[in-house]
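# Structural overview for review
Here are the chains, one letter per residue:
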Amino acid sequence: PKVEPLVWKTLARARLELRQFKRGLEAAEHYVQMEQQPYRKAEGMRDMALLLIGENRSAEARKLCEDAIALGIDGPIKFSVFIALGDAYYADGNYAEAAKYYGRTANVVSDKELKPIALYKIVSALKLSGKEGEAVQYEENLRAEFPGWVPPANVLWMMNASNKKQ
């Protein structure tokens, strides 16, 4: 029986949350191959990139994010791909480059889900790249715009896992 793309997408996301990266990649690959609509395909490519980062394959993740952006997407999906691209650089310890991509979201988007994540990640990347003063400004923005915001467990895990690899 033919499996619908949405099933593969859901399975890939579930495995990402469970940190079953290799198994999640199988599902994400099926989804990306089947999906033709650019925004949905880019969303699947973003998820696949995050799974690749989990597998310590950040160079492939960066390429996939660049390919997703090349689909001509815009809006929240594009900004979430920028965050994933930042994550790929962060995982490699290239914090300055990661900060640039987090900044593309943090400085532009007003999305209540994406913006605090981008602000949190840019603070971490700037601190690790030695730009403490800049980091403090973003940290103040995060507290002012999203008082009491706490990063989701998957965000904390990714940042900590990347820091331990260095």
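Coordinates for the structure precede this section.
In what follows, the accompanying structure is described. (Residues numbered from 1 in each chain as written. Predicted model: local features only at pLDDT ≥ 70, side-chain atom pairs only at ≥ 80, totals over all residues. Heavy atoms only, no water.)

In this section: the environment of glutamate 35. Among the structural elements, glutamate 35 can be located in the loop between α2 (21-34) and α3 (38-54). Judged by relative accessible area, which is 8%, glutamate 35 ranks as buried. Taking the C-alpha atoms as reference, glutamate 35 lies 26 Å from asparagine 154; in sequence the two are 119 residues apart. A polar side-chain atom of glutamate 35 sits 3.3 Å from a polar atom in the side chain of arginine 40. (Helix = DSSP H or I, 4+ residues; strand = E, 2+ residues; numbered from the N terminus. Buried < 20%, exposed > 50% of the residue type's maximum accessible area, 1.4 Å probe, protein only. Polar contact = N/O pair within 3.5 Å; in protein donor to acceptor, adjacent residues only side chain to side chain.)

Moving on, we get to helix α1 (residues 5-17). An ideal rise of 1.5 Å per residue puts 18 Å on 13 residues; α1 measures up with 19 Å between its terminal C-alpha atoms. Among all positions in α1, only Pro5, Trp8, Lys9, Ala12, Arg15 and Leu16 are buried. Summarising the axial view, the buried residues of α1 lie within an arc of 135 degrees, below the 170-degree limit, and thus occupy one face. Exposed residues on α1 whose side chains face more than 90 degrees from its buried face are Leu6 and Glu17. Looking at the buried residues of α1, the elements they touch are α2 and α3. Just beyond α1, the residue with positive phi is arginine 19, at close to 60 degrees. (Expected span 1.5 Å × (residues − 1). Arc of directions from axis to C-beta. Contact = heavy atoms within 4.5 Å.)

This part takes up the nonpolar core. Within soluble globular proteins, side chains that are nonpolar generally end up buried alongside one another. Within the largest apolar cluster, 54 residues are counted, with the highest numbers of intra-cluster contacts made by Leu51, Tyr90, Tyr102, Ala125 and Tyr138. The element best represented in this core is helix α5 (residues 75-91), accounting for 11 residues. (Core = buried A, V, L, I, M, F, W, Y, C linked by side-chain atoms within 4.5 Å.)

The next thing to look at is the packing of aromatic side chains. Across all of its chains, the model carries seven aromatic pairs by this definition. What links up through ring pairs into an aromatic cluster is the set Phe79, Phe82, Tyr89 and Tyr101. The positively charged end of arginine 62 is found above the aromatic ring belonging to tyrosine 89, 4.8 Å away from the centroid. Residue placement shows arginine 104 over the ring face of phenylalanine 82; its charged tip is 5.0 Å from the ring centre. (Phe/Tyr/Trp six-rings, centres within 6.5 Å; stacked < 30°, edge-to-face > 60°. Lys NZ or Arg CZ within 6 Å of the ring centre and 35° of its normal.)

Right, let's talk about the packing of helix α7 (residues 114-128) against helix α8 (residues 132-145) for a bit. The geometry of α7 relative to α8 is characterised by a closest axis approach of 8 Å and an angle of 160 degrees between their N-to-C directions. Regarding the angle of α7 to α8, the classification is roughly antiparallel. Remark: the crossing between α7 and α8 carries left-handed chirality. Counted together, Lys115, Pro116, Leu119, Tyr120, Ile122, Val123, Leu126 and Lys127 of α7 and Glu132, Glu134, Ala135, Tyr138, Glu139, Asn141, Leu142 and Glu145 of α8 form the full contact between these two elements. Of the residues that constitute the contact of α7 with α8, the class distribution is nine nonpolar, one polar and six charged. (Axes fitted to C-alpha atoms, helices over the stretch in contact; angles between N-to-C directions. Parallel < 35°, antiparallel > 145°, perpendicular 65-115°, else oblique. Left-handed = near helix turned anticlockwise from the far one by under 90°. Nonpolar A, V, L, I, M, F, W, Y, C, P; charged D, E, K, R; others polar.)

Excluding glycine, most residues fall at negative phi; most peptide bonds, likewise, are trans. Even without glycine at this site, arginine 19 takes up a positive phi of about 60 degrees. Locating arginine 19 in the fold gives a position in the loop between α1 and α2.

This model, assessed by the stated rule, comprises 14 salt bridges. Between lysine 9 and glutamate 43 there is a salt bridge, with the nearest N and O atoms lying 2.8 Å from each other. Taken together, the residues lysine 9 in helix α1 and glutamate 43 in helix α3 connect sequence positions 34 residues apart. Residue class for glutamate 43 comes out buried when judged on its relative accessible area of 15%. Aspartate 67 is paired through a salt bridge with lysine 63; the nearest N and O atoms lie 2.7 Å apart. A residue pair is termed a helical-turn pair when its members lie 3 or 4 positions apart in one helix, as aspartate 67 and lysine 63 do in helix α4 (residues 58-69) at four residues. (Salt bridge = Lys/Arg side-chain N within 4 Å of Asp/Glu carboxyl O.)

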